[in-house]
Amino acid sequence: MFSKACEYGIRASIFIATKSSKGIRVGIKDVAKEIDSPEPFTAKIMQILTKNGIIHSAKGVGGGFEVSKEALKSIKLIQIVDAIDGDKIYRGCGIGLKECSEEHPCPVHFEFKKIRGLLLQMLSTTTLEQLALGVKSGDFFLKTVNTND
């Protein structure tokens, strides 16, 4: 549904938010390790998130990535998706046609329109703080648990 970069961006933002809520900045190595992403790819994603004001980057000793307490409450998931993938996921055609509308619908237009609406609502109303609190409480996870161990 989302691009790999967007998936990593969402996971990175949530991870950084969980640490920021405890007053901890995290470095790129920690972010990449936590979200199971190659470090150079993670660095590019972090540049996008920083440029779009979702994540703050501090350089030097004690530096790293963080999200302010105010931003935790106000940043919505849609901002992360828009920054990385744009709005195609909730505006585009379900089967990728360039022209798809009420007047000229694709075969899945009307069903996909309902799903897009629900997705847009979820992305627009879910805050980074909500997701971070779920991870902190142990209700949600950012990594797959290996059950073969």
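Residues numbered from 1 in each chain as written. Predicted model: local features only at pLDDT ≥ 70, side-chain atom pairs only at ≥ 80, totals over all residues. Heavy atoms only, no water.

- Under an unreviewed UniProt entry, the protein has the name Transcriptional regulator, BadM/Rrf2 family and belongs to Flavobacterium johnsoniae.

**Description of the packing of aromatic side chains**
Phase 1: Summed over all chains, the structure comprises one aromatic pair.
Phase 2: Here Tyr8 and Phe41 contribute two aromatic rings whose centre-to-centre distance is 5.7 Å and whose plane-to-plane angle is 80°, an arrangement assigned as edge-to-face. Of the two residues, Tyr8 is situated in helix 1 (residues 4–20) and Phe41 in helix 3 (residues 39–51); the sequence distance between them amounts to 33 residues.
Phase 3: Looking at Phe41, the relative accessible area reads 31%, which means it is partly exposed. (Phe/Tyr/Trp six-rings, centres within 6.5 Å; stacked < 30°, edge-to-face > 60°. Helix = DSSP H or I, 4+ residues; strand = E, 2+ residues; numbered from the N terminus. Buried < 20%, exposed > 50% of the residue type's maximum accessible area, 1.4 Å probe, protein only.)

**Here we look at the environment of Phe110**
Phase 1: Along the chain, the position of Phe110 falls in helix 7 (residues 109–125).
Phase 2: Since its relative accessible area comes to 44%, Phe110 is described here as partly exposed.
Phase 3: Once the C-alpha coordinates of Phe110 and Gly27 are considered, the two residues, 83 residues apart in sequence, prove to be 44 Å apart.
Phase 4: Residue contacts for Phe110: discarding those within four places in its chain leaves Glu102 and Pro105. (Contact = heavy atoms within 4.5 Å.)

**Quick notes on helix 8 (residues 128–137)**
Phase 1: Looking at helix 8, one finds that the buried residues are Leu128, Leu131, Ala132 and Gly134. One side of helix 8 holds all its buried residues, which, seen down the axis, span an arc of 155°.
Phase 2: Elements that come into contact with the buried residues of helix 8 comprise helix 1, helix 4 (69–74) and helix 5 (77–85).
Phase 3: Positive backbone phi, approximately 90°, marks Gly138, located one or two places after helix 8. (Arc of directions from axis to C-beta.)

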